[in-house]
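# Descriptive analysis of the structure
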Amino acid sequence: KFFDAKFNDVNGKTVDLSTLRGKTVVVNFWSTWCPPCVEEMPMFDEVQKQWQSKNVVFVGIAADQADNVKSFMQKTPVSYPIVVGEQASIDLSRELGNRYDAVPFTVIINPQQQIITRHAGVFARKDLEAGLTKATQ
């Protein structure tokens with residue numbers, strides 16, 4: 001289901017997640033009003049830069065309104081794509097195993113499109129990198 005989804009970025013441009021097939025994908029569901037979500041974003045940005053040579057991509061899916069996300073991103077930019085999901089992101093996170101509709105919720109998907117890790121709450125860097133190591137082997 002993840003790779004069939006399409007969302008808009010903060011400027012209204014469509015982002016087709018099918019373009020991420022064949023990569024290791026870290027999907028982070030978050031919101032601008034969620035302090036733990038905001039706390040882990042700089043670490044995600046660093047890890048994404050370190051792992052991009054291993055065909056790893058991050059995507060942030062905001063369960064929020066486009067205007068809120070756009071304002072937030074101007075103050076707190078990251079180098080990975082951020083899309084605006086609103087209700088559709090909550091539905092997708094539920095399909096990927098988010099039983100409590102909680103944010104942050106992060107999923108690591110390997111190149112064979114299998115979910116390797118599901119994580120609710122702040123993701124510790126060592127745990128994220130352990131999941132990436134497993135997904136890229």
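Now for a look at the structure at hand. (Residues numbered from 1 in each chain as written. Predicted model: local features only at pLDDT ≥ 70, side-chain atom pairs only at ≥ 80, totals over all residues. Heavy atoms only, no water.)

With that settled, the discussion passes to the overall build of the chain. If you tally the helices and strands in the chain, you get four helices and seven strands. If you list the helices and strands of the chain from N to C, you get β-β-β-α-β-α-β-α-β-β-α. Rg of the C-alpha trace for the chain: 13 Å, near the compact-globule value of 14 Å for 137 residues, within the 12% margin. In terms of principal-axis extent, the alpha carbons of the chain reach across some 40 × 30 × 30 Å. (Helix = DSSP H or I, 4+ residues; strand = E, 2+ residues; numbered from the N terminus. Rg over C-alpha atoms; globule rule 2.2 N^0.38 Å.)

A few words on the pattern of salt bridges. Taken as a whole and judged by the stated rule, the model has seven salt bridges. A salt bridge links Asp 101 to Arg 94; its shortest N-O distance comes to 2.8 Å. With relative accessibility at 38%, the residue Asp 101 sits in the partly exposed group. When its relative accessible area of 42% is taken as the criterion, Arg 94 is described as partly exposed. Between Arg 125 and Glu 129 there is a salt bridge, and its shortest N-O distance comes to 3.6 Å. Placement of both Arg 125 and Glu 129 in helix α4 (residues 125-136) is noted, with a separation of four residues, approximately one turn of the helix. When salt bridges that share partners are traced, they join Glu 46, Arg 125 and Glu 129 into one network. (Salt bridge = Lys/Arg side-chain N within 4 Å of Asp/Glu carboxyl O. Buried < 20%, exposed > 50% of the residue type's maximum accessible area, 1.4 Å probe, protein only.)

With respect to the helices and strands, Thr 117 occurs in strand β7 (residues 115-120). Setting aside chain neighbours within four positions, we find Thr 117 in contact with Thr 106, Val 107, Ile 108, Phe 123 and Gly 131. (Contact = heavy atoms within 4.5 Å.)

Relative to the assigned elements, Gly 97 resides in the loop between α3 (86-95) and β6 (105-109). The partly exposed category is assigned to Gly 97, whose relative accessible area is 27%. In contact with Gly 97, not counting residues within four places along its chain, are Phe 105 and Arg 118.

Time to look at the environment of Ala 135. Within the secondary structure, Ala 135 sits in helix α4. If sequence neighbours within four positions are ignored, Ala 135 has contacts with Thr 24, Ile 108, Asn 110, Pro 111 and Ile 116.

What follows deals with the pairing of strand β3 (residues 24-30). Of all seven residues that make up β3, seven are buried, and the element is covered over most of its length. Here β3 shows two buried faces, one formed by Thr 24, Val 26, Asn 28 and Trp 30 and the other by Val 25, Val 27 and Phe 29. Once you follow β3 into helix α1 (residues 35-51) and on to strand β4 (residues 56-62), the crossover reads as right-handed. Across five bridges, β3 lies against β6 in antiparallel orientation. When the sheet's bridge partners are listed, Asn 28 is paired in β6 with Thr 106. (Right-handed = clockwise from strand over helix to strand, strands pointing away. Pairing = 2+ DSSP bridges.)

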